[in-house]
Structure formats: structure tokens, C-alpha cells
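Each chain is listed here by its residues.
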Amino acid sequence: MSSFDYLVQGFAAALTPESLMFALLGVLLGTLVGVLPGIGPAMTVALLLPITFSVPATSAFILFAGVFYGGMYGGSTTSILLNTPGESASIITALEGNKMAKLGRGAQALATAAIGSFVAGTIGTVLLALLAPVMADWAVTLTSADYFALVVLAFCTVSAMLGSSPLRGVASLSVGLALGLIGLDSVSGQPRFTFGLFELANGVDVVIAAVGMFAVGETLYVASRMRHAPPELVPVSRTWWLPKEDLKRSWKPWLRGTAIGFPLGVMPAGGPVVTTFLSYAVEKKLSKHPEEFGKGAIEGVAGPEAANNAAVAGVLVPLLTLGLPTSATAAIMLSAFGSYGIQPGPLLFEMQPELVWTLIASLCIGNVMLLVLNLPLAGIWVKILQIPRPYLYAGILVCASLGAYASSQSWQGLLVLLGIGALSYAMRRYGWPVVPAVVGLILGPIAEDNLRKTLLVNQGDPAALVGTPFAQAMLALALLAVVVPLIMKTRARRRVP
């Protein structure tokens, strides 16, 4: 049988009442945990594992995939409305989405995020069906030097988020890199900057750090300003659909985000978080309205949201074809395969075709469900902005605290949350941008691990860092990302009389 025949059979199985029920339950749970800061799809799938042992494997994985996709949708909601990322992949969405919400365009930001997620998720699922073996074979050929070069490119794109002062932006990035060094050394196993505290041995949890930087820091900053003046009223749009102008500005970022997200999602050093940073930088470079970035550019929401959902489909490629998890949720799903006695790998498509193709078909169905759920909800979610500020931010602190405790499983997680929140408040107070710090925390450990692996394997020879065509291409792009803006600024200054 051909792949098309298997896919038709997969849709037939996925459209049964039982499969549709599990898909709907998965996307609802995923959306919910995406909205709640700090919970995330990985923890949800882990909590569902014991419950799903009593149902068939196909139904369980339809549920897990729905949670995975739904988490990406839900994470954008609080990022846009409350500047509080529910998922680490939604961090970059807060940059422009929250500005749009403050301009009264929160519903439009939610709508472009939902439609972009649907477009990217659907295209990514089709590519998963068509290109899974090819993409997996390509990803396996990449070396640690290639991954290091990719992260260097991501670092260089941070220049798009440094704010009005490059010096403060670089200082903020350095803060994030320093936070990323906390924990056990990946090579020697020695503790670094833990100050003798066992709780810091595993490093600073990215979700807790993101929630502390955005939610707690924003809450403390708003509370400090309320003493001087009443908070500004946020206007709320009565319509949630996208005007023709917004659609015109969004459809290209949706496609570009998909093109960036899917291949990078396949790679272990890629994943949804890295793809959103790269997509944001690309959109800022290509936009016809670069002056709107940092003030509420719709392209800055459309591109990253599409990239992170396409990356989710990409994450499933190495999981199904190689048994290689490239994200926390994928790792838990791999353990679920083992509990059912199924071994993901090259033979999975031959030995378990019904499971694989039903899962792929259910992803398409789940995407439609998420779009139908999230578009009408955009006009409802945006009413959160009308809640009085004291009650709203008190609720944010409660959700952030619950998420931090759930993520760390200890009260020490609350101390880390409070400490990072206080640091974020100080950064806001003195005009330091927050996003570069989060970028440094996320990408710093990835860059360090791959740099050290490359040098260890090649006996300290730095030439190995540019030893492959992929690494050379990525580093060349990184160099252009730094040099071209400097040249353009220099020329602009010379033109000024």
C-alpha cells in the first residue's frame, strides 16, 4: 500500500467517535495548560500517562498529540493579553502581542496567532507525512559544530531585541548567560554557581525564569507605578476577525514561519523556542513596517506563532522515525511508546502503520478543532483586560506561583521565581530589556554544550567549528546579521546633514 492509502485509512480511524473524543479532550487540555504559566504540555502528558494505560495505544497518542498542539495555541493567549508566557515557546509572542493588546488590538493578535498556528500546524503535519524519513536522515548527519553555529545565528538575531540601547541589551543578554551557567557542569559534573544549594544543582528552570521575568517582574513594576498615577485603561476591540490589511500583512509571515519552524524542529538543537527567535528576526528584517516592531507589529506575532507550531510537527519526525526525542514532551511520549511495547524507529511505519497514520490524521483534525475553538474565544479572552488591575495582577501572581511550584515540585521554586521577578523589576526600572536575558538563559547552555563537545572531539582545534558546509553557512549568516545593520546605520548617519 502507498502512503496515500495508509493516510486515507488513518483518517477513517481518526474520524471514529472514540478518536474524535480523545482528540477534543487533548486539545482542550492542551489549551488550558498552555494558558496556565509553568504547567506546560510535558508535565500534562506525564500526569496522563498512568490514566491512559487502560486505553488503546492509538487513543492515548491521539490524546498526547492534542495536548502537544493545544499547548502551543494556549501559550500565546496569556503572552498576548498579560505579557505572561504560558509556554517557553510563547516568550517571543509577548514582545509584539502584548503591545498590540495595549493598543486595543488584543483580539486581532489572538486571531492571527490562532490562524497562523492552524496554517503552520496543517502544513507541518502534511510535511510530516511526506518527508519524515528524509528529514530524519538529514538531521542525523548534523554535528555539534552545526548546532553551535545555529545557536550563534540565533544569538546574533538578538540584536533585533536589544531595545534603544545596545549596551543595555548586551548587558541583559549577559545576565541570561550567567543564569544559564548555574547548575552541574555537563562535562565534569561539578556544580557551578550553586552557592552550596542543592536546589540549584539542576540549574534555573526555563519556565520558572520566563514566568518570573515576564509575569512577576511586570506585576511588581505595574504595582510600583500605580502609586504615582492610576493605570491606563486598555481599550478592547469588539471584533475578533482580521481586517483585510492584517491578513495581507500576516499570510507571508505564516508561510515563512512554517518554512523556518519545521526543519529546525527536526534538529535536537532546534525546537520551538529557537525557531521563534529566528522567525522574529526574519520578520523584522523583511517587514515593510520595521518602525512598528517593539510597538505592536502583527508580523511579530504571526511569524513566531507559525514557527513554533510547525516546529511541533518537526519534533515528531525524529521521534517516530528514529526514536529520538528532541523536546521534553517528545521524551515523555517516547516513554509512553515503551510502556505499550512499541519501539519507535525506521520500522515503525511498517510494523505499526495504523498507529502512525491515525496519529498523523488526528493532528490535522486536532488543528481544525483548535482553530474552531480559539477564533471565537479570542473575543472572550480579550475581556480579561477589563478586569481591574489589582485583581488581575493578583490572579497572575497566584497562577505564576502555582506554576512554579508544580514545575519544581518544591517550595524552593517559589524563591527562585521571586528572585528572578525582583531582578526583572530592577531591569525594567532602569531600562534594561528583558527578552535578551531570557534568550541568554535558553540558548546559552545549548551553545556551551555543543561548543565543548566540538572542541573535545577535535582535541581543542577551533577550526572544527567551521568544518562543515552547514556550520559555515550559519556563521556567515550570523556575521551578516551583525555587519549589515552597522553598515546601514553608518550610511544613514552620513546622509543626515
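Residues numbered from 1 in each chain as written. Predicted model: local features only at pLDDT ≥ 70, side-chain atom pairs only at ≥ 80, totals over all residues. Heavy atoms only, no water.

## Side note on the overall build of the protein
Next, step 1: The helix and strand tally for the protein stands at 19 helices and 2 strands.
Next, step 2: Split into buried and exposed, the 497 residues of the protein put 54% on the buried side.
Next, step 3: Considering only intrachain contacts with a sequence separation of at least 6, the fraction spanning at least 24 residues in the protein is 78%.
Next, step 4: Of the roughly 21700 Å² that the protein leaves accessible, carbon and sulfur atoms contribute 69%. (Helix = DSSP H or I, 4+ residues; strand = E, 2+ residues; numbered from the N terminus. Buried < 20%, exposed > 50% of the residue type's maximum accessible area, 1.4 Å probe, protein only. Contact = heavy atoms within 4.5 Å. Areas by Shrake-Rupley, 256 points an atom, 1.4 Å probe, with all protein chains shown as cover.)

## Quick notes on the nonpolar core
Next, step 1: Judged by nonpolar contacts, the single largest core of 83 residues is most densely connected at Phe61, Phe64, Ile80 and Met333.
Next, step 2: Apart from the residues within four sequence positions on either side, Phe61 is in contact with Met333, Ala336, Phe337, Tyr340, Leu355 and Leu359.
Next, step 3: With 46 residues, the next largest nonpolar core counts Ala94, Val151, Ala209 and Ile260 among its residues. (Core = buried A, V, L, I, M, F, W, Y, C linked by side-chain atoms within 4.5 Å.)

## A few points about the pattern of salt bridges
Next, step 1: According to the stated counting rule, one finds 6 salt bridges in the structure shown.
Next, step 2: Of the charged contacts, one joins Glu448 and Arg192 as a salt bridge, the two residues approaching to 2.6 Å between their closest N and O atoms. Placement of the pair is Glu448 in helix H18 (residues 435–457) and Arg192 in strand S2 (residues 191–192), with a sequence separation of 256 residues. As far as the burial class goes, Glu448 and Arg192 line up, both buried. (Salt bridge = Lys/Arg side-chain N within 4 Å of Asp/Glu carboxyl O.)

## Examining the side chain of Thr276
Next, step 1: Among the secondary structure elements, Thr276 is positioned in helix H11 (residues 271–286).
Next, step 2: For Thr276, a relative accessible area of 1% corresponds to the buried category.

## Some remarks on unusual backbone geometry
Glycine aside, residues mostly have negative phi, and peptide bonds are mostly found in the trans state.
Next, step 1: For Gln459, which is not a glycine, the phi torsion comes out positive at approximately 55°.
Next, step 2: Judged by its relative accessible area of 77%, Gln459 is exposed.

## A word on helix H5 (residues 93–102)
Next, step 1: When you tally the buried positions in H5, you get 8 out of 10 residues, the bulk of the element.
Next, step 2: Those residues of H5 lying buried are Thr93, Ala94, Leu95, Glu96, Gly97, Asn98, Met100 and Ala101.
Next, step 3: A positive backbone phi angle near 85° is found at Gly104, which sits one or two residues after H5.

## Here we look at the confidence of the model for the protein
Next, step 1: Looking at the protein, the pLDDT average stands at 78 and 83% of residues meet or exceed 70.
Next, step 2: Here helix H3 (residues 40–52) stands out as the element of the protein with the lowest mean pLDDT, 69, in contrast to helix H10 (residues 244–266), whose mean of 86 is the highest. (pLDDT = per-residue confidence, 0-100.)

## Describing the environment of Leu24
Next, step 1: Note on placement: Leu24 falls in helix H2 (residues 17–35).
Next, step 2: Leu24 gets classed as partly exposed once you look at its relative accessible area, which sits at 38%.
Next, step 3: The residues touching Leu24, leaving out its near neighbours within four places in the chain, are Met369 and Leu373.

## Some thoughts on the packing of aromatic side chains
Next, step 1: As enumerated under the stated definition, the model contains 4 aromatic pairs in all.
Next, step 2: Look at Phe61 and Phe337: their rings are 4.1 Å apart centre to centre, the planes differ by 20°, and that puts the pair in the stacked class. Remark: Phe337 occurs in helix H13 (residues 328–339) and Phe61 occurs in helix H4 (residues 57–82); sequence separation between them is 276 residues. Taken as a pair, Phe61 and Phe337 share a single burial class, namely buried.
Next, step 3: Centroid distance Phe61 to Tyr340: 6.1 Å. Interplanar angle 55°. Geometry classified as tilted. Taken together, the residues span a long stretch of sequence, with Phe61 in helix H4 and Tyr340 in the loop between H13 and helix H14 (348–351) at a distance of 279 residues.
Next, step 4: In this structure Phe61 comes out as buried when scored by relative accessible area, which is 0%.
Next, step 5: These aromatic residues form a ring-pair network of at least three members: Phe61, Phe64, Phe337 and Tyr340.
Next, step 6: The side chain of Arg429 reaches across the aromatic face of Tyr430, ending 5.3 Å from its centre. (Phe/Tyr/Trp six-rings, centres within 6.5 Å; stacked < 30°, edge-to-face > 60°. Lys NZ or Arg CZ within 6 Å of the ring centre and 35° of its normal.)

## A word on the packing of H2 against H4
Next, step 1: Contact pair H2 / H4: the axes reach a minimum separation of 6 Å and the direction vectors enclose 30°. Where H2 crosses over H4, the two elements pack in a sense that is right-handed. Of the residues in H4, those in contact with Glu18, Ser19, Phe22, Ala23, Leu25, Gly26, Val27, Leu29, Gly30, Thr31, Gly34 and Val35 of H2 are Ser59, Ile62, Leu63, Gly66, Val67, Gly70, Gly71, Gly74, Gly75, Thr77 and Thr78.
Next, step 2: When its residues are assigned to classes, the contact of H2 with H4 shows 9 nonpolar, 13 polar and 1 charged. (Axes fitted to C-alpha atoms, helices over the stretch in contact; angles between N-to-C directions. Left-handed = near helix turned anticlockwise from the far one by under 90°. Nonpolar A, V, L, I, M, F, W, Y, C, P; charged D, E, K, R; others polar.)

## Quick word on the environment of Ala400
Next, step 1: Along the polypeptide, Ala400 turns up in helix H16 (residues 389–408).
Next, step 2: Judged by relative accessible area, which is 2%, Ala400 ranks as buried.
Next, step 3: Sequence spacing of Ala400 and Gly212 is 188 residues, and the spatial spacing of their C-alpha atoms is 7.8 Å.
Next, step 4: Setting aside anything within four residues of it in sequence, one finds Ala400 in contact with Val211, Val216 and Leu417.

## Brief notes about a nonpolar patch on the surface
Next, step 1: Side chains of Leu479, Val482, Val483, Leu486 and Ile487 sit close together on the surface and give an oily, nonpolar patch of about 420 Å² of accessible area.
Next, step 2: Take Val483: it is sitting in helix H19 (residues 469–495).
Next, step 3: Taking the relative accessible area as the measure of exposure, Val483 reaches 34% and is therefore partly exposed. (Patch = residues over 30% accessible without salt bridge, like charges linked within 9 Å, V, L, I, M, F, W, Y side chains within 5 Å.)

## Re the environment of Ile92
Next, step 1: Looking at the secondary structure, you find Ile92 in the loop between H4 and H5.
Next, step 2: Accessibility expressed as a relative area gives 0% for Ile92, which makes it buried.
Next, step 3: Sequence-wise, Ile92 and Val301 are 209 residues apart; in three dimensions their C-alpha atoms are separated by 8.1 Å.

## Some thoughts on the packing of helix H8 (residues 166–180) against H18
Next, step 1: Put simply, H8 and H18 touch, their axes get as near as 7 Å, and they point 40° apart. Between H8 and H18, the angle falls in the class oblique. Regarding H8 and H18, the two cross each other, and that crossing is right-handed. Across the interface between the two elements, Gly169, Ser172, Leu173, Gly176, Leu177, Leu179 and Gly180 from H8 touch Pro436, Ala437, Gly440, Leu441, Gly444 and Pro445 from H18. (Parallel < 35°, antiparallel > 145°, perpendicular 65-115°, else oblique.)

## Quick look at helix H17 (residues 412–429)
Next, step 1: For H17, which comprises 18 residues, the first-to-last C-alpha distance of 26 Å matches the rise-based estimate of 26 Å (1.5 Å per residue) to within 8%.
Next, step 2: Inspection of H17 places Gln412, Gly413, Leu417, Ile420, Gly421, Ser424, Met427 and Arg428 among the buried residues, and these make up the whole buried set.
Next, step 3: Two residues or fewer after H17 comes Gly431, characterised by a positive phi angle close to 80°. (Expected span 1.5 Å × (residues − 1).)

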